[in-house]
Amino acid sequence: MTTELFQIKFWGVRGSIPVSGPEFDRYGGNTSCIEIRCGKHRLLFDAGSGLREAGLSLLADGVSDVDLFFSHCHYDHIIGLPFFKAIYYPSINVNIWSGHLDGKMSTREMVEQFISPPWFPVKTDICQATMNFRDFHAGQVLTPHEGIEIKTFTLNHPGGAIGYRVEWQGRSIALIYDIEHIPGSYDPVSLEMMQGADLVVYDCTYNEDEMQRFKGFGHSTWEHGTELAKMAGAKCFALFHHAPSRTDEQLAEMEAQAAAAFPGAFAARDNQTVVI
């Protein structure tokens, strides 16, 4: 079963900042971190606060090789990296990939900047894992392991962001978050990424009414996302990057509205696993 397993696990689904409290118990409060398993291979996308728990799980499973891909390096997507236990174990190989700063800063430079004083007590030289830094540019097709293809795309987000489409054994997952749509226009990049995807994970920070107030913040809505997914013939749709102020009750209502518009749509929650 493991050799054929293609699944996604959400370790962090919140946007902007981690949240806690009884009104966030159901969907969770960790920021962006997604794990995709392609057979024996473990791929992590983003290093939000959810990465801490993801790292503990990897260690418990005896994983010795992992790939970590950054969409971009805003706080909510990097805050978990210094607390990712795997980077402190000499027996572990960590491949770290980024492309949103192509031509401006390398992946190594990016990581070394935010794991260093005065932002963090120590520098990366305390990390005992083998850390391999992989730079790429949007549009490249990445092949981290045999049989796995990851298509990369530029997303409309302040400072730049990368979207990923992971393809393995005829199945696909599209990760499209930290993207802002233009009202009345259907982004061809999003449509290409979603085309026939088994699962689309999309930025649903706002609803259309809220977008009027948050233009330029770099996020999208469930209404626009589900419309794109229908146009692209996607099979399933996950609402992701929930606003930090969105309570469980409000998210449940948003989830129900999205499911009515796109059958099978669901709001992603911390520790949720979906087998593709």
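Residues numbered from 1 in each chain as written. Predicted model: local features only at pLDDT ≥ 70, side-chain atom pairs only at ≥ 80, totals over all residues. Heavy atoms only, no water.

A. Looking closely at the state of the cysteines. All chains considered together, the criterion is met by zero disulfides. Just so you know, Cys38 is unpaired, no disulfide at all, and the nearest cysteine sulfur is the one on Cys33, 15 Å from it. With a relative accessible area of 1%, Cys38 lands in the buried category. Cys127 carries a free sulfur, and the closest cysteine sulfur to it, the one in Cys33, is 17 Å from it. By relative accessible area, Cys127 is classed as buried at 11%. (Disulfide = S-S within 2.5 Å. Buried < 20%, exposed > 50% of the residue type's maximum accessible area, 1.4 Å probe, protein only.)

B. Quick peek at the sheet that holds strand S7 (residues 141-142). Taken in spatial order, the seven strands make up an open sheet running S7-S8-S9-S10-S11-S12-S13, and their pairing is mixed. Here the strands that pair on one side only, and so sit at the sheet edges, are S7 and strand S13 (266-267). Where strand S8 (residues 148-155) lies against strand S9 (residues 161-168), eight bridges are found, and the strand directions are antiparallel. Note on S9: the bridge partner recorded for Leu155 is Ala161. (Pairing = 2+ DSSP bridges. Helix = DSSP H or I, 4+ residues; strand = E, 2+ residues; numbered from the N terminus.)

C. Structural view of the pairing of strand S12 (residues 237-240). Because side chains alternate across S12, one face comprises the buried residues Phe237 and Leu239, and the other comprises Ala238 and Phe240, equally buried. In terms of strand pairing, strand S11 (residues 199-203) meets S12 through four bridges, oriented parallel. Bridging from a neighbouring strand, Asp203 pairs with Phe240 of S12. One ladder, built from two bridges, connects S12 with S13; its direction is parallel. What sits directly across from Leu239, in S13, is Ala267.

D. Geometry of unusual backbone geometry. Backbone torsion omega between Pro117 and Pro118 reads 5°, so that peptide bond is classified as cis. As for its placement among the helices and strands, Pro118 is situated in the loop between helix H3 (107-114) and strand S6 (130-135). The phi dihedral of Ser16 falls on the positive side, at around 75°, and the residue is not glycine. Mapping Ser16 onto the fold places it in the loop between strand S1 (6-12) and strand S2 (33-38). Under the relative-accessibility criterion, Ser16 is labelled partly exposed at 43%.

So yeah, pure geometry; function would need other evidence.
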